[in-house]
Amino acid sequence: MIEWVVYFSAYLLAGLTLKIGDDLLDELDRPDLSWIPLALAGVLFGFIMTVSEWDLALMTSIIIGVLVSGKVNRLQFVVGFVLIFSVLIIVGLPPIISWLDWLTVVIMMFLAAVLDERGNDWANQEISPKAYKFFEYRFTLKTSVILISILWPLLFPAAVGLWFFDLGYELAGWIVRKNYRNAL
């Protein structure tokens, strides 16, 4: 039981620290403070990626998705990537049973991640409020991962982990928005 608490807490904290670092860069204009949460996010991403081939697939698709979408646009993000790769080198990659299955899942999740990132940029609240909310909360990837886990049931814990990741991400965003508005 404790393993599941630690597992889902790692996902929650990865989302929380990533969003805090991102908001320190973009919303609060405090790039000097963003290094620490982005470093913690990198360590957490790295450890999550070592748990199973499915966690590795999910996080790989997210990383590739944000890179291709151009969301990694500041120097401070480098610390996270360095720490992800450091953890992967130190701990090691999990064994991948079927490379074809793994690559198929990564590609499907990557496409969903890119669609979420692009949809978040493109969706217009006035033209389509439902689409705007759908992409604002990035439901394409979260929904896709749950559906993909029907075909690959061992992906299901990572799919649930993604929802915890997003909960941490949204919680951090809410805290920053609330405190940022109060500061103005």
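Here the structure is a predicted model, which means the values were calculated and not measured.

Attention now moves to the pattern of salt bridges. Charged atoms that come close allow side chains of opposite charge to pair. This model, assessed by the stated rule, comprises five salt bridges. Two residues, R74 and D26, come together in a salt bridge whose shortest N-O distance is 3.4 Å. Here the residue R74 occupies a position in the loop between α3 (53-68) and α4 (77-91), and D26 occupies one in helix α1 (residues 2-26), the gap between them amounting to 48 residues. With a shortest N-O distance of 2.6 Å, K142 and D166 are connected by a salt bridge. Here K142 is found in helix α7 (residues 139-151), whereas its partner D166 is found in helix α8 (residues 156-183), with 24 residues between them in sequence. Overall, K142 belongs to the buried group, its relative accessible area being 3%. Judged by its relative accessible area of 13%, D166 falls in the buried class.

Phi angles above zero are rare outside glycine, and D29 is one such case at about 50°. Looking at the secondary structure, you find D29 in the loop between α1 and α2 (31-51).

Pairs of aromatic rings are described using the distance from one ring centre to the other and the angle between the two planes. A full pass over the atoms with the stated rule returns eleven aromatic pairs. For the ring pair W99 and W102, a centre distance of 5.6 Å and an interplane angle of 75° mean the geometry is edge-to-face. With a gap of three residues between them, W99 and W102 both fall in helix α5 (residues 99-122), about one helical turn apart. W102 gets classed as buried once you look at its relative accessible area, which sits at 8%. Between the aromatic rings of F134 and F135, the centroid separation amounts to 5.4 Å while the plane-to-plane angle is 85°, which identifies the pairing as edge-to-face. The residue whose ring lies beneath K142 is F139, and the NZ or CZ to ring-centre distance is 4.5 Å.

The rules behind the values
Residues numbered from 1 in each chain as written. Predicted model: local features only at pLDDT ≥ 70, side-chain atom pairs only at ≥ 80, totals over all residues. Heavy atoms only, no water. Salt bridge = Lys/Arg side-chain N within 4 Å of Asp/Glu carboxyl O. Helix = DSSP H or I, 4+ residues; strand = E, 2+ residues; numbered from the N terminus. Buried < 20%, exposed > 50% of the residue type's maximum accessible area, 1.4 Å probe, protein only. Phe/Tyr/Trp six-rings, centres within 6.5 Å; stacked < 30°, edge-to-face > 60°. Lys NZ or Arg CZ within 6 Å of the ring centre and 35° of its normal.

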